[in-house]
Amino acid sequence: MSIDHRPMWQELGLDLEAHDALLGVLGPLYQDVFLSQANRPKGMDYFNFVISEVHGLRIRELLDHKRKGGFVVGTFCTFVPEELVIAAGGICVGLCAGAEWSTPEVDQLLPRTTCALIRGAFGFASAKVCPYLAASDLVVGENTCDGKKKAWESFGRFVNDLHVLDMPQVKNESGRALLREQYEVLQRRLEALGRPVTHEALKDAVAVVNAKREALARLNRLRRATPAPISGLDALLIQQISFYDDPLRFTASVNALCDELDERIKAGTGVHAGTRPRLLLSGCPMAVPNWKLPHIVEQAGAVIVGEESCIGARGLRNTVATAEDLPGWLDALVDRYLRIDCAIFSPNPERLGHVESMSSELKADGVIHYCLQFCAPYQFEALRVEPALEERGLPVLRIDTDYSPEDAGQLATRVEAFLERLEA
Ligand code: BJ8
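Everything in this summary refers to the structure shown in the same document.

Cut-off values and rules
Residues numbered from 1 in each chain as written. Predicted model: local features only at pLDDT ≥ 70, side-chain atom pairs only at ≥ 80, totals over all residues. Heavy atoms only, no water. Pairing = 2+ DSSP bridges. Helix = DSSP H or I, 4+ residues; strand = E, 2+ residues; numbered from the N terminus. Axes fitted to C-alpha atoms, helices over the stretch in contact; angles between N-to-C directions. Parallel < 35°, antiparallel > 145°, perpendicular 65-115°, else oblique. Left-handed = near helix turned anticlockwise from the far one by under 90°. Contact = heavy atoms within 4.5 Å. Nonpolar A, V, L, I, M, F, W, Y, C, P; charged D, E, K, R; others polar. Core = buried A, V, L, I, M, F, W, Y, C linked by side-chain atoms within 4.5 Å. Buried < 20%, exposed > 50% of the residue type's maximum accessible area, 1.4 Å probe, protein only. Near = heavy atom within 4 Å. 1 Å grid on protein atoms, 1.4 Å probe; cavity = no way out; pocket = protein on both sides within 12 Å on 5 of 7 lines; lining within 4 Å. Sits in = over half its atoms within 2 Å of the grid points. Polar contact = N/O pair within 3.5 Å; in protein donor to acceptor, adjacent residues only side chain to side chain. Points joined across faces, edges and corners; volume = space filled by probe spheres on them.

Digging into the sheet that holds strand β5 (residues 278–283)
Here's step 1: Taken in spatial order, the 4 strands make up an open sheet running β6-β5-β7-β8, and their pairing is parallel. Each edge of the open sheet carries a strand with a single partner, namely β6 (303–308) and β8 (396–401). Sheet twist, expressed as the mean angle between neighbouring strand axes with direction ignored, is 25°.

Have a look at this one:
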């Protein structure tokens, strides 16, 4: 018997009518984009279930955790260390919105030239359709790009409590010291919500998050195989779910799926019949339910074999090294997180190297550089990444878009022309 989640959503203060409208769009979209794919691994059943209960059972788990004295932290950036949240007794959830939800309030708070990711977050908050936001005791923002920096000034009205990380913009000694200091401030903020962060608690939390990242790295390594054992859409979905799900259960499910993919690879079985052009996606993060471009690309006959993105290898690679004491763990966290090559850093040469190494390891035939419109950091970097890759013989298609379906036909035409170029 299915559980009626409506009383829970009402208690959380959601606008039930608007929320129904959201679920009414998401269900058919998921059916069309994911469930219609042929030859999916059996292990995807778990992730289908997670999505079917993403506003239901998972929210119940968060509320149960709070009832037992725990807390929930909502985040918008891969620079928020999940390890610290867990060590203080919390659960960390991603809040980025991959769909636009326009309200008059959002139009008053944000200039038109704001990227869809920020507009989506404001839209979901102002329309009261996100149970993760409503369940979050604390939301952590970060001073990364200009859009986010200014957005936090008005986002506080939508949340129970807001903390903003002051992020370095340069990876030098003072940048490192700033991040270290900011993680200490965050630690104290989290401790006030939960319990003191001890050496043992942080050690255990690092083990949990490292295991999650290792499982995702394993999944991404398996995508090097030809033919690809899993679609790019399914791999992206798993990486999106990594920001919501219980980390232990998620890790076990990813590893079980990887065992199945190992068998597929041994048997030479691919997710698609025949060989397809292999593409790497690089650029802005794609938050749930932003599946527009990967859907178009795979419908056009290519397979996506990797994502150089924060919801992808950029955000999920690298584990935290071991340490002997609490200050050592904080140093290890800073070392790990400062390796994220986000375009807000200037200069940011590591990112180009990462795109190149991913392309060669994954045997990509081409790269799609994906930017959300009005995202200056990634649009600036595209101007360097594209010619540098083309010079090395790797074709690049640059796409700037948003969440609206209006340009889907035009994007499909451009992707098809790119695939013809690869096959020529
Ligand atoms: S570490 S990529 S998650 S900041 S798309 S809001 S950059 S204007 S999301 Fe990001 Fe952290 Fe960096 Fe990763 Fe601004 Fe661009 Fe919008 Fe963006």
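Details of the packing of helix α11 (residues 199–222) against helix α13 (residues 247–266)
Here's step 1: One way to put it is that α11 packs onto α13 with a least axis distance of 9 Å and a crossing angle of 20°. With respect to α13, the axis of α11 lies roughly parallel. For the pair α11 and α13, the sense of crossing is left-handed. Where α11 abuts α13, its residues Val-208, Ala-211, Lys-212, Ala-215, Leu-216, Arg-218, Leu-219 and Leu-222 lie against Pro-247, Leu-248, Phe-250, Thr-251, Val-254, Asn-255, Leu-257, Cys-258, Asp-259, Leu-261, Asp-262 and Ile-265.
Here's step 2: Looking at the contact of α11 with α13 residue by residue, the classes come out as 14 nonpolar, 2 polar and 4 charged.

Side note on the nonpolar core
Here's step 1: By size, the foremost hydrophobic cluster in this structure holds 134 residues, and its most contacted members are Phe-47, Phe-79, Phe-155, Tyr-183 and Ile-238.
Here's step 2: Discounting residues that sit within four places of it in the chain, Phe-155 has contacts with Phe-76, Ala-121, Phe-122, Ala-125, Leu-133 and Val-139.
Here's step 3: Of all hydrophobic cores here, the second largest spans 14 residues; its members include Ala-228, Met-358, Val-385 and Leu-394.

Considering the site of the ligand
Here's step 1: Around the ligand sit 16 residues, and of these Cys-115, Cys-145, Cys-310, Cys-342 and Cys-375 come closest.
Here's step 2: A molecule is said to occupy a pocket when more than half its atoms come within 2 Å of that pocket's grid points, and by this definition the ligand occupies the largest pocket.
Here's step 3: Considering only residue class, the shell around the ligand consists of 12 nonpolar, 2 polar and 2 charged.

Observations regarding the environment of Tyr-46
Here's step 1: Inspection of the secondary structure puts Tyr-46 in helix α3 (residues 44–52).
Here's step 2: For the pair Tyr-46 and Val-254, spaced 208 residues apart in the sequence, the C-alpha separation amounts to 9.3 Å.
Here's step 3: Apart from residues lying up to four places away in sequence, Tyr-46 is in contact with Asp-245, Arg-249, Phe-250 and Ser-253.
Here's step 4: At 2.4 Å, the side chain of Tyr-46 and the side chain of Asp-245 are in polar contact.

Overview of empty space enclosed by the protein
Here's step 1: Inspection of every chain in the model, using the stated rule, returns 4 cavities of 30 Å³ or more.
Here's step 2: Within this model, the largest cavity holds a volume of roughly 180 Å³.
Here's step 3: Every residue lining the largest cavity is counted, 16 residues in all, and those nearest its centre are Val-80, Glu-82, Lys-212, Arg-213 and Phe-243.
Here's step 4: Looking at the lining of the largest cavity, the elements with two or more residues in it are β2 (90–94), α11 and α15 (313–316).
Here's step 5: Partitioned by chemical class, the residues of the lining of the largest cavity number 8 nonpolar, 5 polar and 3 charged.

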